[in-house]
Every structure is written in structure tokens, then in C-alpha cells.
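Remarks on the overall topology
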Amino acid sequence: MKLLLKNERHLIERWCNALHNRVPGLEVSTFPFVGDPAEVDVALVWEPPQGLLASMENLRLVISTGAGVDHILRDPSYPRHVPLVRMVDPGLTQGMVEYVVMATLLCTRRMHRTFANHANKVWQEEEVPLATDCKVGIMGIGVLGEACASALLGMGYNVMGWSRSPKQLDGVETYHGINGLEMFLNRAEVLVCLLPLTPETEGILGRGTFNRLPQGAAVINAGRGAHLVEEDLLAALERGRVEVAVLDVFQEEPLPPDNPLWEHPNVFVTPHIAAVTTPETAIFSVADAIDELRHGQPLSNQVDLEQGY
Ligand code: NDP
Ligand code: OXD
């Protein structure tokens with residue numbers, strides 16, 4: 001069986017070692033591929049160039065090294081008969097839990113105010129609520145959202161979740177669909193976006209959403225940059241509807257130096273590092289997918305191409 005690996009350059013050697021150690025008998029080639037594309041059975045990819053996957057006429061499986069698959073499905077030539085498996089990995093989940101807990105604490109402890117005081121050598125106590133007095137709303141309570149909900153609950157936060165289909169999670173107030181959105185937003189003092197990017201969710205963090213939040217809310221986006229309408233966030237910050245934002249993902253990455261989000265005193269910017277896939281933990285899920293393919297078994301974590309996630 002032949003696998004083509006397309007990943008960030010600095011991770012190639014680690015992925016090759018992990019594949020070699022965990023999937024015996026697999027022949028691994030790296031992008032740019034030299035050889036006959038018809039010989040490739042499996043593609044393990046992050047941001048494949050348009051047309052790459054379609055050029056492999058005997059491809060049997062595509063595995064995303066990320067949890068999101070928008071970087072693959074944005075290619076209109078994606079061969080839709082080929083199953084797509086996304087990354088579900090305990091390392092990735094742990095990373096996201098740490099990021100969301102950190103970002104939620106930054107917001108509810110009003111650290112933007114304290115850091116500004118620090119910069120000006122101002123010794124001033126800021127009144128901050130306890131977690132038990134804060135309500136966090138998580139948009140997207142899938143693998144990552146559910147783990148974050150559980151960690152935040154453990155810290156005493158009141159947690160709500162919003163999903164496409166109805167869900168029941170112990171201790172979490174759940175809402176779903178467009179009909180449940182308004183009530184969810186009205187109560188979300190901290191809004192966390194962990195949605196996949198699909199045509200339905202693009203631009204969801206925009207004016208309409210911000211206007212429904214309580215005055216002085218916090219917004220944390222660790223989903224995708226295209227969820228957020230950046231100008232609408234800046235306007236909501238201006239009006240005080242949103243007091244603080246923690247952003248990990250952007251319309252354009254790297255975030256251009258002239259983007260006003262860099263300089264906004266109430267915006268924390270991180271460079272798409274909320275959760276990073278590490279080959280050493282992610283390889284188990286890759287090995288499982290290849291094993292399932294080899295044995296003709298149903299694939300775990302297969303993406304529903306109609307839903308786009
Ligand atoms: P999952 O597929 O497990 O969960 C997705 C959740 O979003 C589900 O609860 C789903 O609802 C919900 N959802 C999807 N579409 C809609 C919609 N139209 N309306 C309401 N809810 C919707 O994904 P993961 O938790 O594994 O990952 C989520 C996203 O996080 C990824 O797609 C990626 O974009 C982002 N990510 C970002 C990283 C970073 O470093 N910044 C790292 C890793 C992931 P339902 O339960 O009903 O299906
Ligand atoms: C992912 C990401 O989707 O890192 O896993 O953004």
C-alpha cells in the first residue's frame with residue numbers, strides 16, 4: 001500500500017518516522033510526489049493544492065491531519081467517491097481544552113485590563129467574577145467542544161452548548177439549530193466558537209450574533225478565521241457590546257501586519273496554535289484508519305461530505 005504525505009515541512013520527518021514505526025509495510029512518499037499518481041492508495045494531508053487528490057485515480061482514502069477538513073473540501077475537484085477521515089486525537093483535544101480554559105480565564109479575569117494597567121505601571125485592583133458567576137456558551141459541541149465543556153464545568157463555570165442536532169450532556173444547558181440560537185446567544189457572557197467551517201457556519205460570528213450577546217461579552221474564536229467577520233467584531237468592540245476577544249484563527253493567515261486586530265487593546269491574538277496535531281499521538285488514529293481500509297471495515301471519524309464536517 002502506498003501513502004502520499006503532504007504536511008508542513010518541519011513535521012515531515014516526524015510523520016515519516018511515526019508511519020514507519022506504526023504502520024509496517026506502508027510505502028511512504030512525500031509531496032511533491034515523484035512517480036505515478038495512479039499508484040497512490042492513501043493521502044495523508046494538510047492543505048493539499050487544488051487538483052492534487054483528483055490526480056490520483058486509484059485513491060481509496062484521504063486522511064486529514066487536522067480536525068477540520070475545510071482545507072481539503074475547498075478544492076472543487078475533490079474526488080467525492082473517496083472517503084475522507086478527519087483527525088480525532090487525544091493530543092489535539094487536550095491542546096484545545098488548555099487553550100479554551102486559558103482564553104476563558106483571560107476574559108473572565110479581565111486580564112486585558114490588568115495587562116493594560118501593568119503596561120502603564122498602574123496598581124489597580126479589577127473586580128472580577130468567579131467562574132460560578134459566569135456563563136460560557138460553546139458553539140459546536142463535538143469532540144473538541146464537549147471536552148472543553150467538561151473542563152470548564154470542572155472549574156465551576158456555567159456551560160451551554162449549541163449544535164446542529166439535539167444533544168444531551170451532563171451539566172450542560174444545550175441548544176440546537178437556528179431556533180435555539182437566539183436564546184443561547186442571549187445568555188452567553190463568554191462565546192466560544194469551535195464550529196467546523198461549512199457554508200452554514202461561514203460568517204456566523206458577525207453583527208447579528210454580537211447584537212444578541214449580553215453587553216460586555218467576550219468572544220473566543222478557535223474555529224476558523226472565516227467564521228468571524230472581523231469588521232463586525234471591531235464595531236462590536238467599539239460599542240462595548242463585546243469587551244474582549246481572544247482570536248486564534250483569521251481570514252488571512254499569517255495575520256497581516258496592518259490588520260487593526262493586532263493593535264486593539266482588548267484583543268488577544270494567537271497564531272493558529274490553539275491545538276496542534278503532533279504526529280506521535282495522531283499516528284494511532286491514522287494507523288486505525290489504514291487498518292480499517294485494509295480490512296474493509298467501516299471507517300471511524302469519516303466526514304459526511306454532504307454536511308461538510
Ligand atoms: P466535530 O465535528 O466533532 O464537532 C463539530 C460540532 O459543530 C458539532 O457539535 C456539530 O453539531 C456542530 N455544528 C456543525 N455545523 C453546525 C451548524 N450549522 N449549526 C450548529 N452546530 C453545528 O468537530 P471538532 O470538535 O473535532 O472540531 C471543530 C473545529 O475546530 C474543526 O472543524 C476546526 O475548524 C477547529 N479546530 C481548530 C484548531 C485550532 O488550532 N484553532 C484545531 C483543531 C480544530 P452536531 O453535534 O449536531 O453534529
Ligand atoms: C485543525 C487545525 O483543524 O489545526 O486541526 O486547525
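Conventions and cut-offs
- Residues numbered from 1 in each chain as written.
- Chains lettered and ligands numbered in written order.
- Predicted model: local features only at pLDDT ≥ 70, side-chain atom pairs only at ≥ 80, totals over all residues.
- Heavy atoms only, no water.
- Buried < 20%, exposed > 50% of the residue type's maximum accessible area, 1.4 Å probe, protein only.
- Helix = DSSP H or I, 4+ residues; strand = E, 2+ residues; numbered from the N terminus.
- Arc of directions from axis to C-beta.
- Contact = heavy atoms within 4.5 Å.
- Domains from an automatic or database assignment.
- Buried area = accessible area lost by both parts, 1.4 Å probe.
- Salt bridge = Lys/Arg side-chain N within 4 Å of Asp/Glu carboxyl O.
- Pairing = 2+ DSSP bridges.
- Right-handed = clockwise from strand over helix to strand, strands pointing away.
- Axes fitted to C-alpha atoms, helices over the stretch in contact; angles between N-to-C directions.
- Polar contact = N/O pair within 3.5 Å; in protein donor to acceptor, adjacent residues only side chain to side chain.
- Near = heavy atom within 4 Å.
- Areas by Shrake-Rupley, 256 points an atom, 1.4 Å probe, with all protein chains shown as cover.
- Nonpolar A, V, L, I, M, F, W, Y, C, P; charged D, E, K, R; others polar.

**Some details on helix 8 (residues 230-239)**
Of all the residues in helix 8, the buried ones are Glu230, Leu233, Ala236 and Leu237. The buried residues of helix 8 occupy one face: seen down the axis, they fall within an arc of 120°. Away from its buried face by more than 90 degrees, helix 8 exposes Glu231 and Glu238. Residues of helix 8 that are buried sit in contact with helix 7 (207-212), strand 11 (242-247) and strand 12 (267-269). Immediately beyond the C-terminal end of helix 8, within one or two residues, lies glycine 240, with a positive phi of roughly 80°.

**A closer look at the domain arrangement of the protein chain**
Size of an interface, as often reported, equals the accessible area lost when the parts are brought together. Entries for the protein chain in the domain assignment read domain 1 (2-89 + 277-294) and domain 2 (90-269). The centre of domain 1, based on its C-alpha atoms, is set 32 Å off from the matching centre of domain 2. Listed per partner, the contact involves 10 residues of domain 1 and eight residues of domain 2. Summed over both sides, the interface of domain 1 with domain 2 buries roughly 710 Å², with 57% coming from carbon and sulfur.

**Some thoughts on the pattern of salt bridges**
Within this structure, the stated rule accounts for 11 salt bridges. A salt bridge links arginine 60 to aspartate 41; its shortest N-O distance comes to 3.6 Å. Taken together, the residues arginine 60 in the loop between strand 3 (42-45) and strand 4 (61-64) and aspartate 41 in the loop between strand 2 (27-30) and strand 3 connect sequence positions 19 residues apart. Residue classification places arginine 60 among the partly exposed positions, given a relative accessible area of 37%. Several salt bridges share partner residues, and in doing so they unite Lys2, Glu27 and Glu39 into one network.

**Observations regarding the pairing of strand 9 (residues 190-193)**
Judged by which residues are buried, strand 9 turns out to be covered on both faces: Val190 and Val192 on one side and Leu191 and Cys193 on the other are all buried. Bridge analysis of strand 6 (residues 135-139) against strand 9 gives four bridges, and the strand direction is parallel. Paired with methionine 139 across the two strands is cysteine 193, which belongs to strand 9. Strand direction decides the pairing type here: strand 9 and strand 10 (residues 217-221), joined by four bridges, are parallel. Along strand 10, the bridge assignment pairs valine 190 with alanine 218. Since strand 9 and strand 10 lie parallel, the crossover through helix 7 that links them has a hand, and here it is right-handed.

**Some points on the sheet that holds strand 4**
With respect to topology, five strands assemble into an open sheet ordered 2-1-3-4-5, the strand pairing being parallel. A single partner strand is all that each edge strand has here, and the edge strands are strand 2 and strand 5 (84-85). By the bridge criterion, four bridges tie strand 1 (residues 2-6) to strand 3 in an arrangement that is parallel. Bridge assignment links leucine 3 to a residue of strand 3, and that residue is valine 42. Against the sheet, helix 9 (residues 279-294) makes contact with strand 1, strand 3, strand 4 and strand 5, and its axis sits at roughly 165° relative to strand 4, the strand it touches most.

**Brief notes about the environment of glutamine 124**
Here glutamine 124 lies in the loop between helix 4 (111-119) and strand 6. By relative accessible area, glutamine 124 is classed as partly exposed at 46%. It is 9.5 Å that separates the C-alpha atoms of glutamine 124 and arginine 113, two residues lying 11 residues apart in sequence. Engagement of the side chain of glutamine 124 in a polar contact is seen with the side chain of glutamate 126, the distance being 3.3 Å.

**Digging into helix 6 (residues 177-187)**
All of the buried residues along helix 6 are Gly177, Gly180, Leu181, Phe184 and Leu185. Along the axis of helix 6, the buried positions cluster into a sector of 135°, meaning they face one direction only.

**Section: the pairing of strand 1**
Counting buried residues in strand 1 gives five out of five residues, a clear majority hidden from the surface. Neither face of strand 1 is left uncovered, since the one carrying Lys2, Leu4 and Lys6 and the one carrying Leu3 and Leu5 both have all their residues buried. With four bridges connecting them, strand 1 and strand 2 associate as parallel partners. Bridge assignment links leucine 4 to a residue of strand 2, and that residue is serine 29.

**So, the site of ligand 1**
Around ligand 1 sit 28 residues in total, of which Arg86, Val143, Ser165, Asp248 and Tyr309 are the nearest. Residue serine 165 places a side-chain N or O atom 2.5 Å away from an oxygen atom belonging to ligand 1. Between ligand 1 and lysine 167, the relevant distance is 3.4 Å, taken from an oxygen atom to a side-chain nitrogen or oxygen of the residue. Look at ligand 1: alone it shows 940 Å² of surface, and the protein chains cover 92% of it. Elements supplying a minimum of two residues to the shell around ligand 1: helix 5 (143-154) and strand 7 (158-163). For the shell around ligand 1, the residue count by class is 14 nonpolar, eight polar and six charged. Shared between two domains, the shell around ligand 1 takes at least three residues from each, and those domains are domain 1 (2-89 + 277-294) and domain 2 (90-269).

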